[in-house]
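Take a look at the letters that make up each chain.
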Amino acid sequence: MFKKILIANRSEIAVRVIRACREMGIKSVAVYSDADRESRHISMADEAVCIGPGPSKLSYLDQEAVLTAAQMTGADAIHPGYGFLSENADFAEACAKRGIVFIGPPPEASRKLGFKSAGKAVAIAANVPVVPGTQGDVEAGVDIARVAADIGYPVLIKASAGGGGKGMRVVRQASELKPQLEAAAAEAKAAFGDGSVFIEKLLERPRHVEIQIAADKHGEVVAFPERDCTVQRRHQKLVEESPSPALTPDIRRDMQAAAVRLAKSAGYQNVGTVEFLYQDGKFYFIEVNARLQVEHPVTEAVAGVDLMELMIRIAAGERLPFGQERASEIRCHAIEHRINAEDPDNNFMPCPGRIEELELPGGAGVRVDTHAYPGYTIPSYYDSMIAKLIVSAADRPTALRRALRALGELKVRGVKTTAGLHAKIVAHPVFMAGDFDTHFIEKTKLLDKEDAHG
Ligand code: ADP
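Everything numeric in this text was worked out from a predicted model, so none of it was measured.

Draft legend 1. A look at the domain arrangement of the chain. When its domains are assigned, the chain resolves into domain 1 (4-103), domain 2 (132-201) and domain 3 (207-453). Put simply, the middle of domain 2 and the middle of domain 3, counted by C-alpha atoms, are 28 Å apart. The partner domain 3 presents five residues to the six residues of domain 2 that form the contact. Roughly 380 Å² of surface becomes buried between domain 2 and domain 3 when both sides are summed, with 58% attributable to carbon and sulfur atoms. Summed over the three residues of domain 2 that lose the most area to domain 3, namely Gly-164, Gly-165 and Met-168, the buried surface amounts to 54% of that side. If you look at where domain 2 meets domain 3, you find zero salt bridges. Remark: the boundary between domain 2 and domain 3 carries zero residue pairs in polar contact (both at pLDDT 80 or more).

Draft legend 2. Just the packing of helix 13 (residues 396-409) against helix 14 (residues 419-427), in detail. One way to put it is that helix 13 packs onto helix 14 with a least axis distance of 10 Å and a crossing angle of 155°. Relative to helix 14, helix 13 is oriented roughly antiparallel. Relative to helix 14, helix 13 is oriented so that their crossing is left-handed. Only Ala-419, His-422, Ala-423, Val-426 and Ala-427 of helix 14 make contact with helix 13, whose side of the interface consists of Leu-400, Ala-403, Leu-404 and Leu-407. Its residues assigned to classes, the contact of helix 13 with helix 14 comprises eight nonpolar, one polar and no charged.

Draft legend 3. Inspection of unusual backbone geometry at higher detail. Across the junction of Tyr-153 and Pro-154, the peptide omega takes the value -5°, indicating a cis bond. Among the secondary structure elements, Pro-154 is positioned in the loop between helix 7 (144-151) and strand 6 (155-159). Each neighbour pair has its own omega, and for Ser-242 with Pro-243 the value is -5°, a cis peptide bond. Of note in this structure, Asp-280 is not a glycine but carries a positive phi near 50°. When you line up the elements, Asp-280 lands in the loop between strand 15 (270-279) and strand 16 (282-289). On the basis of relative accessibility, which here comes to 58%, the residue Asp-280 falls in the exposed class. Phi at Asn-347 takes a positive value of approximately 55°, unusual for a residue other than glycine. Take Asn-347: it is sitting in the loop between strand 18 (342-343) and strand 19 (349-350).

Analysis parameters
- Residues numbered from 1 in each chain as written.
- Predicted model: local features only at pLDDT ≥ 70, side-chain atom pairs only at ≥ 80, totals over all residues.
- Heavy atoms only, no water.
- Domains from an automatic or database assignment.
- Contact = heavy atoms within 4.5 Å.
- Buried area = accessible area lost by both parts, 1.4 Å probe.
- Salt bridge = Lys/Arg side-chain N within 4 Å of Asp/Glu carboxyl O.
- Polar contact = N/O pair within 3.5 Å; in protein donor to acceptor, adjacent residues only side chain to side chain.
- Axes fitted to C-alpha atoms, helices over the stretch in contact; angles between N-to-C directions.
- Helix = DSSP H or I, 4+ residues; strand = E, 2+ residues; numbered from the N terminus.
- Parallel < 35°, antiparallel > 145°, perpendicular 65-115°, else oblique.
- Left-handed = near helix turned anticlockwise from the far one by under 90°.
- Nonpolar A, V, L, I, M, F, W, Y, C, P; charged D, E, K, R; others polar.
- Buried < 20%, exposed > 50% of the residue type's maximum accessible area, 1.4 Å probe, protein only.

What follows is the structure, given as structure tokens:
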């Protein structure tokens, strides 16, 4: 087992890794930017190294700075968390070259799956259903009008290198196709340094349902119960729950089997998530997230598993401690709320600044993952999530009541947050009934001041 792990990340996920290290008797090294000097992950880790100024390009994304910090402190492994370098195959390779274990999938597997269009090709080869669309990226010189007409309007243009809902455009008629394609490519180029795009059928009423998998280095792969991440704003997840109120046991089993087939055919190792859209009883692969996700605690609650510990053990070469039957067990119902320092009444404008007062919920079935504390100043350089609230209970109605109770206990003064919006979502009769799609927020008019958006 590793002796010392460096965490190439910040915020709640850095705290999460440090906690796992401590429980496993592994020393932890935090890295931080100048802007994060007050962050809780620094005081919690055994050692901490400043790796640069606030902008992430100059610190958390600076591979050389991270690797030097690992060598300086004698870390034998690096945990990348999510975002930043977590899905960067070149970084994983650079770690290996220096004799440091990257706690994540092998670079060849993330290369195969990192691009959405490449991931779709792997899915097709593994006999996993995908959303109908172009085979690969749109190449120069193809008759795109013909391609889109063959797929059938409405279509969705997506950035291959995409993430966070960026570079995605809905096109409802042929006349909009060319300008939207150009706009999507330009947005993708600016956001990801790569302008490749592909086209697929727009599903009008899908749910987002994803399967967490774990794969060891000995060829074993298991799939856990699904997470339903249908409540979104601008294609970004707000609430995640498990099990999905929409899935039958048969669909769940088929989805899990599809995820395992895909992981095996890509030579995937460590933990990852296979994302699907689900509509009218059918599921369609959309992409793989080759890392641990923000919403992993939902699965930890439902499956009764510590995914962070599992990641570390898999990276150290251990075998999966259980098989598919145990991984499939559903032990409770769990819901996660992403609490962001944003103003829902002002187009979700980020609200960095000082948290004057903070009271966190507690009690039975309540978990809060956060790096924030009273007096903590949220820097303006990074994403605005300040806490994740995860509740679990024996069944969905009880979990909903518990979520409302816990959201009511959460008190943040000094910055605006999305907690109030989460309470409105949970209390909404449509959410309670469980019958909704990815347009839940628009359709229920929970955000009446929201700007119009495709
Ligand atoms: P990103 O990586 O940018 O988050 P994803 O491919 O994961 O993009 O998709 C994010 C969300 O966008 C999905 O959860 C879904 O709400 C919506 N979406 C993606 N593809 C489609 C599609 N073909 N039809 C309808 N909605 C889609």
